[in-house]
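Commentary on secondary and tertiary structure
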Amino acid sequence: QVQLVESGGGLVQPGGSLRLSCAASGSIFSISFMGWYRQAPGKERELVATITSGLSTNYADSVKGRFTISRDNAKNTVYLQMNSLKPEDTAVYYCNADVTYLSYSYIRRTGDYWGQGTQVTVSS
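1. Notes on the nonpolar core
If you look at the biggest cluster of nonpolar residues, it comprises 31 residues, and the most contacted ones within it are W36, L80, M82 and Y93. Listed by contribution, the elements that provide at least two residues to this core are β3 (18-25), β4 (28-39), β5 (46-52), β7 (67-72), β8 (77-82), β9 (91-102) and β11 (118-122).

2. Regarding the pattern of salt bridges
Inspection of every chain in the model, using the stated rule, returns 4 salt bridges. R38 is the salt-bridge partner of E46, the closest N and O atoms lying 2.8 Å from each other. Relative accessible area serves as the criterion here: at 35%, E46 is assigned to the partly exposed category. Exposure remark for R38: the relative accessible area of 6% places this residue in the buried category. Taking the shortest distance from any N to any O, the salt bridge between K64 and D61 comes out at 3.2 Å. Bridged by salt links that share partners, the residues R38, E46, R66 and D89 form one connected network.

3. Things to note about the pairing of β3
The pairing of strand β1 (residues 3-7) with β3 spans 5 bridges and is antiparallel. When the bridges of β3 are listed, V5 appears paired with A23. When β3 meets β8, the two strands line up antiparallel, connected through 6 bridges. Note that in β8 the partner of L18 across the bridge is M82.

4. Concerning the packing of aromatic side chains
Ring pairs (aromatic) are described by centroid distance and by the angle formed between their planes. The full count for this structure, using the stated rule, is 2 aromatic pairs. Between the aromatic rings of Y101 and Y113, the centroid separation amounts to 6.0 Å while the plane-to-plane angle is 75 degrees, which identifies the pairing as edge-to-face. Taken together, the positions of Y101 in strand β9 and Y113 in strand β10 (residues 108-114) put the pair 12 residues apart, joining distant regions of the chain. On the accessibility criterion, Y113 (19% relative accessible area) is buried. The ring of Y94 carries R45 above its face, with NZ or CZ at 3.8 Å from the centroid. Directly above the ring of W114 sits R45, whose terminal nitrogen or CZ lies 4.8 Å from the centroid.

Rules used throughout
All chains use their own residue numbering, which begins from 1 and follows the written sequence. The model is predicted, so local features are restricted to residues of pLDDT at least 70 and side-chain atom pairs to those at 80 or more, both for listing and for counting; the totals for chains, interfaces and linings are taken over all residues. Hydrogens and water are ignored here; the side-chain numbers use all heavy atoms of the structure. Buried Ala, Val, Leu, Ile, Met, Phe, Trp, Tyr and Cys residues form a nonpolar core when they are joined through side-chain atoms within 4.5 Å. For the exposure calls, accessible area comes from a 1.4 Å probe over protein chains only, and a residue counts as buried if that area is under 20% of its type's maximum, exposed if over 50%, partly exposed in between. Numbering of helices and strands starts at the N terminus; helices are DSSP runs of H or I of at least 4 residues and strands are runs of E of at least 2. Salt bridge, as used here, is a side-chain nitrogen of Lys or Arg placed within 4 Å of a carboxyl oxygen of Asp or Glu. Any two strands between which DSSP finds at least two bridges are classified as paired. Note on aromatic contacts: the rings of Phe and Tyr and the six-membered ring of Trp form a pair at centre separations within 6.5 Å, being stacked when their planes are under 30 degrees apart, edge-to-face when over 60 apart, and tilted otherwise. Placement of a charge over a ring requires the Lys NZ or Arg CZ to be within 6 Å of the ring centre, with the centre-to-atom vector within 35 degrees of the ring normal.

Below you can see the structure in the form of structure tokens.
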């Protein structure tokens, strides 16, 4: 089983910063891409940022210039540095990864995995 665990969410003042992290665990062979999505109450889940194994990044227009996605392959971890936070950034943030791993029989498999989400609240 591959599991993604997010951390770093919480309550922050407008204009403040938070750093989210997401660590993938299991018999990981490789991770082609990792990303962050978010979902606010009453809205559909939307892409925030993605990063490939080649470190190519993509950001939603609403977060460009404020958020930075990065990854540490040695730790199988992706980060989201969030600066200049706004109330409209309030949402549950989800980690996503395309993971190639080894099964119990040592057969290589690839799957799309999601974390359970971490709450980010931006409020004064």
